[in-house]
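If you want the building blocks of each chain, they are given just below.
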Amino acid sequence: MSEQFLEKPNLPAGPVSCVIVSAVKSAVIEALHRMGIRTISPQRLPYIQGAEAWHADMGVCDRGGGKLLVASQMDEATVKLLRSEGTAVTFTQHPVTAEAPLLNVCYLGNRLLCHPGTTAPELLTHEHIIPTRQRYAGCCTAVVSENAVITSDPSISRNCTKAGIDVLTIRPGHIRLDGYAYGFIGGCCGLLSPNLLAFSGNLACHPDNEAIQAFTNLHNVDIISLSQEPLYDIGAIIPLRNYIKC
């Protein structure tokens, strides 16, 4: 087995070996470490006042192949850790803010789901864009496979369906995020292999648990809960590197 960067963001080709993830929930970090997965946890982003200042999906966008677009205000220690994994880091032209979450997008194979008005210009050069009214497209979208997602956002659901993507639309809420009424489904999960979707907390606490289980099973993806706490929006688990067979 050898390690490589994910060729397609969010979509590991084998077991994940390194992720970018907030350390706000120590149980999540400990569970990932027990699985032998290295973690890189960004520090708090300046210019953002809410809990999302700690979120990986606010500060880092994986473009595939180890190419990262990073918030211009990202701390030097995190940038050093990212580069220690061999990544090529470039920075946004402007700081990321809550009003302009420039990096909060969702790659689905050769497609990019985003709010064009608040997305970093560097990402808008992508050939196949699925537009959405939701500024936090990444946080609101749980990637099950290249052609399957879970969301509570009507705009994401509608436009992904038009693009031929299988969508499970769940009810909003029931995901915790300090300082807000609720968080989002994409912010509490991430793929740890092509067939394993990890959640920050116990999925059984969500009222749409059975529908989510049925949907992931339909796409041959199993679910693992990294803690027994209720689901919490940690800003996603971003897989960076995975193992492949030599």
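The structure presented is a predicted model; accordingly, all values stated were derived computationally and were not measured.

Considering the nonpolar core
Okay, so step 1: Ranked by internal contacts, the top residues of the largest apolar core, which has 65 residues, are L82, L103, L123, I150, C160, I185 and F199.
Okay, so step 2: The residues contacting I150, other than those within four sequence positions of it, are C140, T141, A142, V144, L168, I170, I185, I212, F215 and T216.
Okay, so step 3: Grouped together as the second largest cluster of nonpolar side chains are 17 residues, V16, I29, L32 and I234 included.

Re the pairing of strand 12 (residues 166-169)
Okay, so step 1: As paired elements, strand 11 (residues 148-151) and strand 12 share four bridges and run parallel to each other. Across the sheet, residue I150 finds its bridge partner in strand 12, namely L168.
Okay, so step 2: Between the parallel pair strand 11 and strand 12, the chain is carried across by helix 4 (residues 154-162), and the sense of this crossover is right-handed.

What about the packing of aromatic side chains?
In this description, an aromatic ring pair is defined by two values, namely the gap between the centres and the angle between the planes.
Okay, so step 1: Enumeration according to the criterion identifies one aromatic pair in this entry.
Okay, so step 2: A centroid spacing of 6.0 Å and a plane angle of 85° characterise the contact between Y182 and F184, whose relative ring orientation is edge-to-face.
Okay, so step 3: Its relative accessible area of 33% is what places Y182 among the partly exposed residues.
Okay, so step 4: Sitting over the ring of Y232, K25 keeps its end group 4.4 Å from the ring centre.

Points about unusual backbone geometry
Okay, so step 1: At N10, a position not held by glycine, the phi torsion is positive, near 75°.
Okay, so step 2: Position of N10 relative to the elements: it lies in the loop between strand 1 (2-5) and strand 2 (16-21).
Okay, so step 3: Exposure remark for N10: the relative accessible area of 22% places this residue in the partly exposed category.
Okay, so step 4: We note that N220 has phi near 60°; this positive angle belongs to a residue other than glycine.
Okay, so step 5: Relative to the elements of secondary structure, N220 occurs in the loop between helix 5 (209-218) and strand 15 (222-225).

Description of the pairing of strand 6 (residues 88-91)
Okay, so step 1: In terms of strand pairing, strand 5 (residues 67-70) meets strand 6 through four bridges, oriented parallel. From the neighbouring strand, L68 faces strand 6, where its bridge partner is V89.
Okay, so step 2: Taking the sense of rotation as the criterion, the β-α-β connection linking strand 5, helix 3 (residues 76-84) and strand 6 turns out right-handed.

Here we look at the environment of S17
Okay, so step 1: With respect to the helices and strands, the residue S17 is situated in strand 2.
Okay, so step 2: When its relative accessible area of 0% is taken as the criterion, S17 is described as buried.
Okay, so step 3: Residues S17 and Y243, 226 residues apart in the sequence, show an inter-C-alpha distance of 6.5 Å.
Okay, so step 4: For S17, the residues in contact, after removing those within four places along its chain, are E3, G36, I37, R38, R241, N242 and Y243.
Okay, so step 5: Polar contacts involving the side chain of S17 include one to the side chain of E3, which spans 2.6 Å.

Definitions and limits used
Residues numbered from 1 in each chain as written. Predicted model: local features only at pLDDT ≥ 70, side-chain atom pairs only at ≥ 80, totals over all residues. Heavy atoms only, no water. Core = buried A, V, L, I, M, F, W, Y, C linked by side-chain atoms within 4.5 Å. Buried < 20%, exposed > 50% of the residue type's maximum accessible area, 1.4 Å probe, protein only. Contact = heavy atoms within 4.5 Å. Pairing = 2+ DSSP bridges. Helix = DSSP H or I, 4+ residues; strand = E, 2+ residues; numbered from the N terminus. Right-handed = clockwise from strand over helix to strand, strands pointing away. Phe/Tyr/Trp six-rings, centres within 6.5 Å; stacked < 30°, edge-to-face > 60°. Lys NZ or Arg CZ within 6 Å of the ring centre and 35° of its normal. Polar contact = N/O pair within 3.5 Å; in protein donor to acceptor, adjacent residues only side chain to side chain.

That is the geometry; function is a separate question.
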